[in-house]
Amino acid sequence: MRWAAPYASAACLFCSAVQAASIEGYAFGDVPAEFLGEPVGQYVVNHVSARLIDIMCGVVPGRVVLGCTLDDGKNNRVIFVKEGLSPAVEAAVLIHEKAHLNGWEHG
Ligand SMILES: [Zn+2]
């Protein structure tokens, strides 16, 4: 978890947050190549409402949180993705979140 407060919360190990202006360009992520790809092991992808994104991923002022990954370190791993995203945006979110499952951390 590398967010500075108030981004950090007990329920948010890794969060994917983008500035609203960046959504259309899918200009977030910048995932290093070594963290791309399908994670090893089990995980679940849940598509949830904006309200649940706020609860599970946290609220990031000035940004739109589209998803996050929770990993308890005991092989309970869940990706939350905001429902209703376009397929391209959702794909970008999943690339980002799967990268976290692959060990990627960002500032
Ligand atoms: Zn992230």
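Because the structure is predicted, anything quoted here is derived from the model rather than measured. (Residues numbered from 1 in each chain as written. Predicted model: local features only at pLDDT ≥ 70, side-chain atom pairs only at ≥ 80, totals over all residues.)

For alanine 50, the location among the structural elements is in helix H1 (residues 50-57). Assessed through the 13 C-beta atoms surrounding it within 10 Å, alanine 50 is described here as partly exposed. In the structure, alanine 50 is positioned 14 residues away from valine 64 in sequence and 9.7 Å away in space, judged by C-alpha atoms. (Helix = DSSP H or I, 4+ residues; strand = E, 2+ residues; numbered from the N terminus. Buried ≥ 20, exposed ≤ 12 C-beta atoms within 10 Å, placed from the backbone.)

So, about the nonpolar core. Core analysis: the largest hydrophobic core is formed by 11 residues, namely Ile53, Cys57, Val65, Leu66, Cys68, Leu70, Ile79, Phe80, Val81, Ala92 and Val93. Of all the elements in the fold, those that place two or more residues in this core are H1, strand S3 (63-71), strand S4 (77-82) and helix H2 (87-101). The greatest single-element share of this core, amounting to 4 residues, is contributed by S3. (Core = buried A, V, L, I, M, F, W, Y, C linked by C-beta atoms within 7 Å.)

It is worth spelling out the confidence of the model for the chain at this point. Close reading of the predicted structure is inappropriate where its pLDDT is low. Looking at the chain, pLDDT values average 74 and 72% of them are 70 or higher. In the model of the chain, strand S1 (residues 14-19) stands out as the element of lowest mean pLDDT, 50, in contrast to strand S2 (residues 44-48), which has the highest, 96. Here residues 1-14 is a poorly scored stretch, pLDDT under 50, and it has 23 contacts once near neighbours within four places are set aside; other chains count. (pLDDT = per-residue confidence, 0-100. Contact = placed C-beta atoms within 7 Å.)

Right, let's get into H2. For H2, with 15 residues, the first-to-last C-alpha span of 21 Å sits near the 21 Å given by 1.5 Å per residue. For H2, the full list of buried residues reads Ala92, Val93, His96, Glu97, Lys98, Ala99, His100 and Leu101. The positive-phi residue at the C-terminal boundary of H2 is glycine 103, with phi of around 105°. (Expected span 1.5 Å × (residues − 1).)

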